[in-house]
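Single-letter residue listing:
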Amino acid sequence: MPDSLHPADDPNPASLPAAEAVLNALPLPVLTIGPDERILRVNHAAELFFDASARLMLRGRLRDIIPFSSPIIALVAEVRRRRSSVSEYRVELVQPRSGTERSVDVFATPLRDEDDSVVLMLQERTIADKMNRQLTHRGAARSMIALGAMLAHEIKNPLAGIRGAAQLLEQERDDEDRLLTRLICDESDRIVRIVERMELFGDERPVERGPVNVHGVLDQVKRSAQSGFARHIRFIENYDPSLPPVLGNRDQLIQVILNLVKNAAEAIGTDTVEGEITLSTAFRTGLRLQIPGSRERVSLPIEVAVRDNGPGIPPDMLSDLFDPFVTTKAQGSGLGLALVAKIVGDHGGIVECDPVPRRTAFRILLPMSSARDGRESAAER
């Protein structure tokens, strides 16, 4: 019998496989709570949400995965008392196992009239809220970029000198050193291209985009970081090898990831012995978001994450994290994450921060590139 179902809950055992299929097909966490607060059923989405297996959750009670003081406990009791459905929005939920705090909408309904079982469905608000916040902040980020455009020509001149010096060194070095001089030249050229595009950002003309191998982007960022500011940090790679190309601009995506990796390295600090940065990719099906002010729904199946084991981000800064001039660093300008939010937003994606004690994770969700023959893939429809 599957872990996610309890045979005593259904008078017709033959219906269990079908019920399991329907339950597990739902993208939102769903739990059935018995009269004694024991967890009777969970679906796959609930296992992912609470970071626990169905077998483990079915051994426990609701208070094992939700704090006793949570409004959700009172919500379940109210459903039993009223014998009708009850909903509550923007409930702050702290998970006892991980300490992670999430904002969720809670929907609760009685399962049957003859007993006190209650069905709970949770909908996390993180993605929707952060997407709206990023759209609000995008105008401020554009103002910051306009300021940077005034300095563009001043940046190009020293970069030309750096590139010329690297080319001279390349002629006199062995193969191993040539990799570093070539990296200097490539990064100098990339910065020049970025500066040139910054001069054009004000007119809102679209940036050229096409299929981009995000793993190639991550590899280049990793090489750059390990050759400089993150040479003392261990990198961990957790990639999905079957990931399709991203629809984006390679230089801009490098700029985004490099910014997040640099922030992670600075958060870890130079004195940390066991500093780690984890780069990961994944394919997430079923995530479709409606663009505010439009009927268009965007599919964002490609996830790129940068995680570090630094001290984390103060909770009071999370709501304004992507605003310009907001920073946790004494010498920081507070412009990096604002630029990240703008570039990701211009790609049609979203970026979010998932902080937990002693760890910080930035996740980017992006659209995938169309098939070579121009048709949309199944994930984009």
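See above for the structure.
Our subject in this report is the structure included herewith.

Cut-offs applied
Residues numbered from 1 in each chain as written. Predicted model: local features only at pLDDT ≥ 70, side-chain atom pairs only at ≥ 80, totals over all residues. Heavy atoms only, no water. Pairing = 2+ DSSP bridges. Helix = DSSP H or I, 4+ residues; strand = E, 2+ residues; numbered from the N terminus. Axes fitted to C-alpha atoms, helices over the stretch in contact; angles between N-to-C directions. Contact = heavy atoms within 4.5 Å. Salt bridge = Lys/Arg side-chain N within 4 Å of Asp/Glu carboxyl O. Buried < 20%, exposed > 50% of the residue type's maximum accessible area, 1.4 Å probe, protein only.

Strands belonging to one sheet form pairs held by backbone hydrogen bonds; the direction of such a pair is parallel or antiparallel. Pairing is antiparallel in the open sheet, where 5 strands are placed in the order 2-1-5-4-3. The sheet is open, and its two edges are formed by strand 2 (39-42) and strand 3 (86-94), each paired on a single side. Taking the axes of each pair of neighbouring strands and ignoring which way they run, one obtains an average angle of 30 degrees across the sheet. The pairing of strand 4 (residues 101-110) with strand 5 (residues 118-124) spans 7 bridges and is classified as antiparallel. Across the sheet, the residue bridging to Phe 107 is Met 121, located in strand 5. Relative to the sheet, helix 5 (residues 71-82) contacts strand 1 (30-33), strand 3, strand 4 and strand 5, its axis offset from that of strand 3 by approximately 160 degrees.

Another aspect to go through is the pattern of salt bridges. Scanning the model with the defined rule gives 13 salt bridges in all. When the shortest N-O distance is used, the salt bridge between Asp 116 and Arg 83 registers 3.0 Å. Residue Asp 116 is located in the loop between strand 4 and strand 5, and its partner Arg 83 is located in the loop between helix 5 and strand 3; the two are separated by 33 residues in the primary sequence. Of the residues examined, Arg 83 reaches a relative accessible area of 41% and is grouped as partly exposed. Here Glu 237 makes a salt bridge to Lys 222, at a shortest N to O gap of 3.5 Å. Of the two residues, Glu 237 is situated in strand 7 (residues 234-238) and Lys 222 in helix 9 (residues 214-226); the sequence distance between them amounts to 15 residues. Taking relative accessible area as the criterion, Glu 237 reaches 39% and is therefore assigned partly exposed. You can call Lys 222 buried: its relative accessible area is 18%.

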